[in-house]
Amino acid sequence: MLALAILCEIFLAADWYAFAAVLPFVSESLKLNPAEAGLAQGIFALTYGIGMVVWSPVSRSMTARNMLLIGLAGTGIGMVLQVFVQSYTQLVMLRLVIGFFDAGIFIGNMKLIFGWFPQSRRGSVVGIILAAYSLAITMDFALGIPLTIATGWRTFFAVLAIGTLLVAAVDALVVRNNPRELGIDGFTWGNETPQEHLPLGEIFRSKWIAVGGFGIVACTFAIAGTATWVVPAFITVQHMPPEAGAVIGTVMGLSQVLFLVIGGYMSDRLGKPFMIKLTACLAFLTALMFLWSVVTPMSFSMLVLFAALSGIALLGGGAIFALLSEKYSDALTPAAIGYAEVFGIFSAFVAPWMMGAIINASAGSFTGAFIAFAVVELIIVGLLMILAREDVSQGAVVGSPAE
């Protein structure tokens, strides 16, 4: 089940960031300016966030398997249609459709792994799942750019579309929602609650939904901003050859994979709130690092080093969702994760669009865009330092029978 969840996450992220990986090629083909390109990448998050609002309450009655099937099938069909886009409007509309179904994949994945792993291992497992997300972005750059150069970006999108639909078929055949579906009657991890119909409003009575949301903002702003604009910045400012973008994108993605896996294990041992605050600080440092790279001439080896360090912005990514599974009962956790994603996923829309708009308004200068990136991350650090504090009165699980 973990392998299948990883596979689902890979195609969720690959479909999301495929456009970012081949942005210069699509922009040239469809005549997009930087602001339009940034909006096309970021607008995906708009319906992804709407999807979270829709899928979160549905997750209480729909199985993980069915959520994954609907999400993968809808995303795959949208990717098929995206192969044939001829205009900016068509591209934006299809990315909106794909974003909605991708949200179903994510919540279905979280529900699946929470059914298969105990609380004590969820930080590590979520770290692995999010590492698969970053691995997919890596593959978008490592494989997508060479494939696009050789055959065109439409072929790249077609490969992703076929892969997504194949994963849907595999899930239809083999996914089981929990060990009970293997015939282990009465199986339990010991932390389920019989209160399956608690009002969703209970989620917002706890501060942890805001902690999770702002934690996601720190990570997704960093991942969306860097995945979209670091390679174009290096090409423009550091005069890096376009084909070297595959190297930078690959190194950034592998860095994220490494730090997410390490951070997942750290969060099970050092505590989730601490890891979330630490990660926000590291995301701010990442923004400063890339700001430095657009104002100072550097060697290609230095650019590769920066790409290799960029994954520290996601060190505590696994801690966010594991924290929510600690603070909310299993009856509310999938919905809480979905609503926290709504808090945070807004940044995946804002980051590429805002940075693209600043670049466009400044006649192609990247300095202002990366200053804005750093300012946003600094604000999030301040908010999390205030909110993510543990105390005895907030140790209870929301929705547990003990309340």
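This text gives an overview of the structure that appears in the document. This is a predicted model, so every value here is computed, not measured.

### Thoughts on the overall build of the chain
(1) Moving on: A count of helices and strands for the chain gives 15 helices and zero strands.
(2) Moving on: Relative to a compact globule of 403 residues, whose C-alpha radius of gyration would be 22 Å, the chain shows 20 Å and is just as compact.
(3) Moving on: Seen along its three principal axes, the alpha-carbon backbone of the chain occupies a region of about 60 × 45 × 30 Å.
(4) Moving on: Considering the chain as a whole, with its 403 residues, one finds that 59% of them fall into the buried category.
(5) Moving on: Partitioning the contacts of the chain with sequence separation of at least 6, the portion at a separation of at least 24 is 86%.
(6) Moving on: For the chain, the distance from the average site of its 17 positive side-chain charges to the average site of its 21 negative ones is 3 Å.

### What about the packing of helix α1 (residues 2–21) against helix α6 (residues 88–116)?
(1) Moving on: Look at α1 against α6: their axes get within 10 Å of each other, and the N-to-C directions meet at 160 degrees. Considered as vectors, α1 and α6 are oriented roughly antiparallel to each other. As α1 runs across α6, the sense of the crossing is left-handed. Two secondary-structure elements touch here, α1 through Ala-5, Cys-8, Glu-9, Leu-12, Asp-15, Trp-16 and Phe-19 and α6 through Leu-91, Arg-95, Asp-102, Ile-105, Phe-106, Asn-109, Leu-112 and Ile-113.
(2) Moving on: When grouped by side-chain class, the residues that make up the contact of α1 with α6 number 10 nonpolar, one polar and four charged.

### Side note on the side chain of Asp-140
(1) Moving on: Looking at the secondary structure, you find Asp-140 in helix α7 (residues 122–151).
(2) Moving on: Beyond its immediate stretch of four places on either side in the chain, Asp-140 contacts Ala-13, Ala-14, Tyr-17, Ala-18, Ala-21, Ile-145, Phe-156 and Leu-160.

### Some details on the side chain of Ser-310
(1) Moving on: Inspection of the secondary structure assignment puts Ser-310 in the loop between α12 (300–309) and α13 (317–327).
(2) Moving on: The buried category is assigned to Ser-310, whose relative accessible area is 5%.
(3) Moving on: Apart from the residues lying within four places of it in its own chain, the contact partners of Ser-310 are Met-252, Ser-255, Thr-286, Met-289 and Phe-290.

### Quick look at helix α2 (residues 23–30)
(1) Moving on: Burial in α2 covers these residues: Leu-23, Val-26, Ser-27 and Leu-30. All buried residues of α2 lie within an arc of 100 degrees about the axis, which places them on one face of the element.
(2) Moving on: Those residues of α2 hidden inside the fold are in contact with α1, α3 (34–42), α6, α8 (153–174) and α9 (208–237).
(3) Moving on: Looking one or two places after α2, you find Lys-31, whose phi comes out positive at around 60 degrees.

### Some words on the nonpolar core
(1) Moving on: Trp-16 and Phe-370 are the most contacted members of the largest nonpolar core, which totals 143 residues.
(2) Moving on: Looking at this core element by element, the count peaks at 17 residues for α9.

### Some points on α6
(1) Moving on: Taking 1.5 Å per residue, 29 residues should reach 42 Å; α6 reaches 42 Å between its end C-alpha atoms and fits that length.
(2) Moving on: In terms of residue burial, α6 counts as a mostly covered element, since 21 of its 29 residues are buried.

### Digging into the packing of α1 against helix α4 (residues 44–58)
(1) Moving on: Axis separation between α1 and α4 bottoms out at 11 Å; the angle between their running directions is 145 degrees. Each of Leu-12, Asp-15 and Trp-16 in α1 lies in contact with α4, whose residues at this interface are Phe-44, Ala-45 and Tyr-48.
(2) Moving on: Here the residues of the contact of α1 with α4 sort into five nonpolar, no polar and one charged.

### A short note on the packing of aromatic side chains
(1) Moving on: According to the stated counting rule, one finds nine aromatic pairs in the structure shown.
(2) Moving on: Ring geometry for Phe-234 and Phe-290: centres 6.3 Å apart, planes at 45 degrees, overall tilted. In this pair, Phe-234 is assigned in helix α9 and Phe-290 in helix α11 (residues 272–293), connecting sequence segments 56 residues apart.
(3) Moving on: For Phe-234, a relative accessible area of 1% corresponds to the buried category.
(4) Moving on: Counting every residue linked through ring pairs, the aromatic cluster contains Trp-55, Phe-100 and Phe-101.
(5) Moving on: Its end group placed over the ring of Trp-208, Lys-207 keeps NZ or CZ at 4.7 Å from the ring centre.

### Comments concerning the state of the cysteines
(1) Moving on: By the definition in use, this model includes zero disulfides.
(2) Moving on: In this model Cys-219 remains outside any disulfide bridge; the closest cysteine sulfur is found in Cys-281, 12 Å from its own.
(3) Moving on: According to the relative accessible area criterion, Cys-219 is buried, its value standing at 8%.

What counts, and at which threshold
- Residues numbered from 1 in each chain as written.
- Predicted model: local features only at pLDDT ≥ 70, side-chain atom pairs only at ≥ 80, totals over all residues.
- Heavy atoms only, no water.
- Helix = DSSP H or I, 4+ residues; strand = E, 2+ residues; numbered from the N terminus.
- Rg over C-alpha atoms; globule rule 2.2 N^0.38 Å.
- Buried < 20%, exposed > 50% of the residue type's maximum accessible area, 1.4 Å probe, protein only.
- Contact = heavy atoms within 4.5 Å.
- Lys, Arg positive; Asp, Glu negative; His and termini not counted.
- Charge placed at Lys NZ, Arg CZ, Asp CG, Glu CD.
- Axes fitted to C-alpha atoms, helices over the stretch in contact; angles between N-to-C directions.
- Parallel < 35°, antiparallel > 145°, perpendicular 65-115°, else oblique.
- Left-handed = near helix turned anticlockwise from the far one by under 90°.
- Nonpolar A, V, L, I, M, F, W, Y, C, P; charged D, E, K, R; others polar.
- Arc of directions from axis to C-beta.
- Core = buried A, V, L, I, M, F, W, Y, C linked by side-chain atoms within 4.5 Å.
- Expected span 1.5 Å × (residues − 1).
- Phe/Tyr/Trp six-rings, centres within 6.5 Å; stacked < 30°, edge-to-face > 60°.
- Lys NZ or Arg CZ within 6 Å of the ring centre and 35° of its normal.
- Disulfide = S-S within 2.5 Å.

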